[in-house]
Amino acid sequence: MKHLKTLFIQHQNKLFILFVLVLCFNVLDVLLPLHTNRNYSTIIEAEDGTVLYSFLTNDDKWRMYTKLDEITPTVQKAFINKEDRWFYWHFGINPIAIVRAFFNNTIQHRRTSGASTITMQVARMLEPKERTLFSKIKEMFRALQLEWNFSKKEILQLYLNLVPYGGNIEGVKSASFIYFGKSPSQLSIAEVTTLTIIPNRPNTLLLGKKNAYIQQERNRWLKKFKQHHVFNEDAMNDAIDEPLIAYR
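Residues numbered from 1 in each chain as written. Predicted model: local features only at pLDDT ≥ 70, side-chain atom pairs only at ≥ 80, totals over all residues. Heavy atoms only, no water.

Engineer: Give me the lowdown on the nonpolar core, citing residues and values where you can.
Structural biologist: Membership of the largest hydrophobic core comes to 48 residues, with the highest contact counts inside it found for Phe79, Tyr165 and Leu195. Contributing elements (two or more residues each) for this core: α2 (73-83), α4 (118-126), α6 (152-162), α7 (172-180), α8 (189-197), α9 (211-227) and α10 (233-241). Per element, the largest residue contribution to this core is 6 residues, and it comes from α6. The residues contacting Tyr165, other than those within four sequence positions of it, are Phe79, Gly171, Val172, Ala175, Tyr179, Leu195, Ile198, Pro199 and Pro202. (Core = buried A, V, L, I, M, F, W, Y, C linked by side-chain atoms within 4.5 Å. Buried < 20%, exposed > 50% of the residue type's maximum accessible area, 1.4 Å probe, protein only. Helix = DSSP H or I, 4+ residues; strand = E, 2+ residues; numbered from the N terminus. Contact = heavy atoms within 4.5 Å.)

Engineer: Lay out the pattern of salt bridges with the relevant residues and their values.
Structural biologist: This structure, assessed with the given rule, holds 15 salt bridges. Linking Arg220 and Glu217 is a salt bridge whose minimum nitrogen-to-oxygen distance equals 3.0 Å. Taken together, the positions of Arg220 and Glu217, both in helix α9 and 3 residues apart, correspond to about one turn of that helix. It is possible to trace a salt-bridge network through shared partners that takes in Asp59, Lys61, Arg63 and Glu170. (Salt bridge = Lys/Arg side-chain N within 4 Å of Asp/Glu carboxyl O.)

Engineer: Please provide a residue-by-residue account of the layout of surface pockets, values included.
Structural biologist: In this model, the second largest pocket occupies a volume close to 180 Å³. Forming the walls of the second largest pocket are 13 residues, and the residues nearest its centre are Gly49, Thr50, Val51, Phe177 and Ser183. Among the residues making up the lining of the second largest pocket, the classes are represented as 2 nonpolar, 5 polar and 6 charged. (1 Å grid on protein atoms, 1.4 Å probe; cavity = no way out; pocket = protein on both sides within 12 Å on 5 of 7 lines; lining within 4 Å. Points joined across faces, edges and corners; volume = space filled by probe spheres on them. Nonpolar A, V, L, I, M, F, W, Y, C, P; charged D, E, K, R; others polar.)

Engineer: For the environment of Tyr88, give the residues involved together with the corresponding values.
Structural biologist: With respect to the element layout, Tyr88 can be found in the loop between α2 and α3 (95-107). Linking Tyr88 and Ser151, residues 63 residues apart in sequence, is a C-alpha distance of 10.0 Å. If we skip the residues at most four places from it in the chain, Tyr88 touches Gln76, Ile80, Lys152 and Leu156. A distance of 2.9 Å separates polar atoms of two side chains, one belonging to Tyr88 and the other to Gln76. (Polar contact = N/O pair within 3.5 Å; in protein donor to acceptor, adjacent residues only side chain to side chain.)

Engineer: Tell me what's going on with a nonpolar patch on the surface, and back it up with residues and numbers.
Structural biologist: Side chains of Ile44, Leu52, Tyr53 and Phe55 sit close together on the surface and give an oily, nonpolar patch of about 410 Å² of accessible area. Secondary-structure assignment places Tyr53 in strand β2 (residues 51-54). (Patch = residues over 30% accessible without salt bridge, like charges linked within 9 Å, V, L, I, M, F, W, Y side chains within 5 Å. Areas by Shrake-Rupley, 256 points an atom, 1.4 Å probe, with all protein chains shown as cover.)

Engineer: Kindly report on the packing of α4 against helix α5 (residues 133-149), identifying the contributing residues and their values.
Structural biologist: As a packed pair, α4 and α5 sit with axes 8 Å apart at the nearest point and diverge in direction by 110°. One element, α4, and the other, α5, form an angle in the roughly perpendicular class. Crossing handedness for the pair α4 and α5: right-handed. Within the contact between the two elements, α4 uses Thr119, Met120, Val122, Ala123, Arg124 and Leu126 and α5 uses Lys136, Glu139, Met140, Arg142, Ala143, Leu146 and Glu147. Of the residues contributing to the contact of α4 with α5, the split by class is 7 nonpolar, 1 polar and 5 charged. (Axes fitted to C-alpha atoms, helices over the stretch in contact; angles between N-to-C directions. Parallel < 35°, antiparallel > 145°, perpendicular 65-115°, else oblique. Left-handed = near helix turned anticlockwise from the far one by under 90°.)

Structure (structure tokens):
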């Protein structure tokens, strides 16, 4: 009986600590609100939804709003498997990835992997800062806020709307229209995979200028997708054989 009483007290203490942490987070969430509103390009469409023309944003960006129905299973699978395979399982921060990155970057003195989840990348794109320990901690806090206030689909939508493609091009929809002349929902697996690799090096992987090299990098990731059975094997083989035709 005494043992059960001790266990009850221990659980009470843990629940109290959890309650205090949640309360503190809610207070900080109110005091330090996350601003996700962005100015998007005005788009003129035909009756059937075809884009006829688009205008630059007030900050001179091509930033077209990606609608939820344009985030097809192909787009989701490609970006999630490329950037954050555990996106639907973590709470904005991936502790295992952080430990792995710390070991590789600190113990082995080589940068072989990062720890930024898609949610953390969204936080960084919303509030760009110099890469310091403090900014990383704030980025993690913002990632928790995003997970607290938005669904996973909405966070992925934010990511696809803000991801950089070099110069003044932001967002998957802008890159899709500017380089391939069609909406994200019409892209092939090869074209979507191409758009997944550009944001890591938007100023060096220049579509229309370095297509041969980009195609090599694209095929390297397509082979990884094939190993992880992201798409069916026939679709993967067709994607690897597909030429890269992209220009601004």
